[in-house]
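The primary structure of each chain is shown beneath.
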Amino acid sequence: MILWISLLILLGLLLFVVELVLPGITLAAIGAFCCLVGASAWAFVDGGLGTGFAVVGIIVGFLILLTALFLRPRTWNRVALKTNIESQVQPVAIEKQIEVGVQGLTQTRLAPMGKVQIEGRIFDAKSLDSYVDPRQPVRVIGYDNAMLVVQPMSDETESMIN
């Protein structure tokens, strides 16, 4: 009897540690709970009140000890990755890459956003007031965050005439 109760307690504590180390493994938590409650119930049934309360006390003591041990920062420092990443991704601002007034060709339909090819490179772009079909000439008229604002060349010439 004591051997089986001890094995249930050890299995329950092992599953509890698995749950502490890998949170979200609900099966481990449920298994730990079942093993520890089963060991306690078995101790109460076969050993009486004294043995049952002793087993519950041992279980609670080990749970508190394991929780305190695994929640210490020093414990996690032993297993944590200590590589510092020094590099940064700082893209060049779109304003420094393409100037206002530069002409390009739409690669996809701007409805109102899409892709534009300018000087052999592809950029995200948007049209302010109209849809622009693919392979149409456009001119850069501004910037919006990391996106070019373009105007179809035909709209520009029409606005100059009026």
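Cut-offs applied
Residues numbered from 1 in each chain as written. Predicted model: local features only at pLDDT ≥ 70, side-chain atom pairs only at ≥ 80, totals over all residues. Heavy atoms only, no water. Helix = DSSP H or I, 4+ residues; strand = E, 2+ residues; numbered from the N terminus. Axes fitted to C-alpha atoms, helices over the stretch in contact; angles between N-to-C directions. Parallel < 35°, antiparallel > 145°, perpendicular 65-115°, else oblique. Left-handed = near helix turned anticlockwise from the far one by under 90°. Nonpolar A, V, L, I, M, F, W, Y, C, P; charged D, E, K, R; others polar. Polar contact = N/O pair within 3.5 Å; in protein donor to acceptor, adjacent residues only side chain to side chain. Contact = heavy atoms within 4.5 Å.

**Q** Please give an account of unusual backbone geometry that cites residues and values.
**A** Cis geometry is adopted by the peptide bond preceding P112, which originates at A111 and carries an omega value of -10°. With respect to the element layout, P112 can be found in the loop between β1 (103-106) and β2 (113-118). Residue E119 is not a glycine yet carries a positive backbone phi of 55°. Of note, E119 is situated in the loop between β2 and β3 (121-127). Positive phi, normally seen in glycine, also occurs at N145, with a value near 55°. Topologically, N145 is positioned in the loop between β4 (137-144) and β5 (147-152).

**Q** Break down the packing of helix α1 (residues 2-21) against helix α2 (residues 26-70) for me, citing the residues and quoting the values.
**A** Helices that pack against each other are described as a pair by the angle of their axes relative to one another and the distance between those axes. Following both chains from N to C, one finds α1 and α2 inclined at 20°, their axes separated by 4 Å at the closest point. Overall, the two elements α1 and α2 adopt an arrangement that is roughly parallel. Crossing hand, α1 versus α2: right-handed. Taken together, the residues of the contact of α1 with α2 break down into 26 nonpolar, 5 polar and 1 charged.

**Q** Describe the side chain of T106, and please don't skip the residues or the numbers.
**A** Looking at where T106 falls in the secondary structure, it is placed in strand β1. For T106, the side chain forms a polar contact with the main-chain oxygen of D133, separated by 2.7 Å. Of the polar contacts made by the side chain of T106, one reaches the backbone nitrogen of Q136; its length is 3.0 Å. Setting aside chain neighbours within four positions, we find T106 in contact with K115, V116, V132, D133, P134, R135, Q136 and V138.

**Q** Tell me about the side chain of S40, and name the residues and values.
**A** Examined against the element boundaries, S40 turns out to sit in helix α2. For S40, the side chain forms a polar contact with the main-chain oxygen of L36, separated by 2.9 Å. Residues contacting S40, with those up to four places away along its chain left out, are V55, V56 and I59.

From the geometry alone we can't say anything about function, so treat these as descriptive.
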